[in-house]
Amino acid sequence: MNRKIFYVDCYYEEVKERNIGFIKLEEEGLFVMLRGLPSRGETVCKVYAVANENDRKYLMDIPLNNGYGQAQMKWSPKIRAQDCHELYIPIDHKRYGRCTIVPENIYNFCQSKSDILETAQEKERTLEQESPIIESFTDVMPVMEQDKWKQLCKNFPQVHIFPEADTIVIKPKDMVILTQEYHDLATNSFVLHAYYNYRQLLLLRYHQGQEEIYYLGVPGVYYEREKRIALMFGFEGFENGESRLVNEDRRQAYAGCFGYYMKQVNI
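Residues numbered from 1 in each chain as written. Predicted model: local features only at pLDDT ≥ 70, side-chain atom pairs only at ≥ 80, totals over all residues. Heavy atoms only, no water.

Draft legend 1. Summary view of the overall build of the protein. The secondary structure content of the protein amounts to 5 helices and 14 strands. The buried share of the protein, taken over its 267 residues, is 47%. The long-range share in the protein, meaning contacts at least 24 apart out of those at least 6 apart in sequence, stands at 59%. Total accessible area computed for the protein in this model is approximately 14200 Å², and 46% of it derives from carbon and sulfur atoms. (Helix = DSSP H or I, 4+ residues; strand = E, 2+ residues; numbered from the N terminus. Buried < 20%, exposed > 50% of the residue type's maximum accessible area, 1.4 Å probe, protein only. Contact = heavy atoms within 4.5 Å. Areas by Shrake-Rupley, 256 points an atom, 1.4 Å probe, with all protein chains shown as cover.)

Draft legend 2. Region of interest: the packing of aromatic side chains. Following the criterion strictly, the structure yields 15 aromatic pairs and no others. The interplanar angle of 85 degrees and the centroid separation of 6.0 Å between the aromatic rings of Phe162 and Tyr260 together place this pair among those described as edge-to-face. Residue Phe162 is found in the loop between β9 (158-159) and β10 (165-170), and its partner Tyr260 is found in strand β14 (residues 258-265); the two are separated by 98 residues along the sequence. For the residue pair Phe162 and Tyr260, the accessibility class agrees, reading buried in each case. In textbook terms, an aromatic cluster arises when at least three aromatic residues are bridged by ring pairs, as seen for Phe190, Tyr222, Phe233, Phe235, Phe238 and Tyr261. Taking the ring centre of Phe31 as reference, the NZ or CZ of Lys24 above it sits at 5.0 Å. Positioned above the aromatic ring of Tyr11 is the side chain of Arg98, whose terminal nitrogen or guanidinium carbon lies 4.1 Å from the ring centre. (Phe/Tyr/Trp six-rings, centres within 6.5 Å; stacked < 30°, edge-to-face > 60°. Lys NZ or Arg CZ within 6 Å of the ring centre and 35° of its normal.)

Draft legend 3. Looking closely at unusual backbone geometry. A positive phi angle, near 55 degrees, is found at Glu13, a position not held by glycine. Position of Glu13 among the secondary structure elements: in the loop between β1 (3-12) and β2 (15-26). Take Glu13: its relative accessible area is 42%, and that puts it in the partly exposed class.

Draft legend 4. Representation of the confidence of the model for the protein in the model. Per-residue confidence for the protein gives a mean pLDDT of 79; residues scoring 70 or more make up 76%. Counting contacts from residues 103-121, a segment whose pLDDT is below 50, to residues more than four positions away or on other chains yields 23 contacts. (pLDDT = per-residue confidence, 0-100.)

Draft legend 5. Just the pairing of strand β8 (residues 95-100), in detail. Bridge count between strand β7 (residues 86-90) and β8: 5 bridges; the pairing is antiparallel. The partner of Glu86 across the bridge, within β8, is Thr100. (Pairing = 2+ DSSP bridges.)

Draft legend 6. Spotlight on the sheet that holds β10. Spatially, the 6 strands line up as an open sheet ordered β9-β10-β11-β12-β14-β13, and their pairing is antiparallel. In this open sheet, the two edge strands, each paired with only one partner strand, are β9 and β13 (237-240). Sheet analysis places strand β12 (residues 211-221) next to β14, joined by 8 bridges and oriented antiparallel. Across the sheet, the residue bridging to Val221 is Phe258, located in β14. Sheet contacts for helix α3 (residues 189-198): β10, β11 (201-208), β12 and β14; angle to β12, the most-contacted strand, approximately 65 degrees. (Axes fitted to C-alpha atoms, helices over the stretch in contact; angles between N-to-C directions.)

Draft legend 7. The side chain of Arg35, seen in detail. Tracing the backbone shows Arg35 in the loop between β3 (29-34) and β4 (44-52). Here the side chain of Arg35 touches Asn19 through a polar contact of 3.2 Å, side chain to side chain. Once residues lying within four places of it in the same chain are set aside, the contact partners of Arg35 are Arg18, Asn19, Ile20, Gly21, Gly67, Tyr68, Tyr198, Gln200 and Phe258. (Polar contact = N/O pair within 3.5 Å; in protein donor to acceptor, adjacent residues only side chain to side chain.)

Draft legend 8. Looking closely at the nonpolar core. Membership of the largest hydrophobic core comes to 30 residues, with the highest contact counts inside it found for Ile170, Met175, Leu185, Leu203, Leu216 and Phe235. Those elements giving two or more residues to this core turn out to be α2 (148-155), β10, α3, β11, β12, α4 (224-232) and β14. Among the elements that make up this core, the one with the highest residue count is α3 (4 residues). (Core = buried A, V, L, I, M, F, W, Y, C linked by side-chain atoms within 4.5 Å.)

Draft legend 9. Inspection of the pattern of salt bridges at higher detail. Inspection of every chain in the model, using the stated rule, returns 7 salt bridges. Salt-bridge contacts for Lys94 lead to Glu13; the nearest nitrogen and oxygen are separated by 3.8 Å. In this pair, Lys94 sits in the loop between β7 and β8 while Glu13 sits in the loop between β1 and β2, placing the two residues 81 residues apart along the sequence. Judged by relative accessible area, which is 33%, Lys94 ranks as partly exposed. Residues participating in the shared-partner salt-bridge network are Glu17, Asp92 and Arg95. (Salt bridge = Lys/Arg side-chain N within 4 Å of Asp/Glu carboxyl O.)

See below:
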């Protein structure tokens, strides 16, 4: 079965702000997953296919729960894959989601590792301009604490994605907060590609008895081939980040789910 992944970006008027999810284009239909939408009490988000500025075709509703949602539709004689070159998702009177489906823009994890590295080079240059690598730990840590994790929590946003982990959000330039052997992750192509699409990386702390274990979490979609590519770049595990949308006590990874590829690190 042919399956392609494309990313949905949020725009404020004409300015792109960040990634808010992805769509999965399949032979039998279309799957859309949205995350982190501004939560103003809305329970439904509409998705349209755009032929031109004045021609929008309604596709589906996506039920929302605290800014998160997912839905699927099947192709029909009235709605075909070739009609969906661009998707439009209104969020509020100035913000909207947009996804352009152009074959040459598809990043396919079926590519070889050398192809991935070549694809990432241009994105690396863009990211270096937007988020240059910081040379020292103190450059990114204006608030100082004796306990390093407390210090990190005061200087970086905290999120609660996995109940068993303490988590902060970082950027490639922030790899200097890790011990020196992990600083080259700031230019790791797998890390940069994920950050380019999702604009976030996670640093997670797990408790194992008296020991604290740290992982770098790189966002992505789970497939066996993608898992093998992630392993080539040193990411040995995957955590399902979608399970709370489906079943609170179900954390298993399944084909097509959104989550985080994990690499153990030290701080």
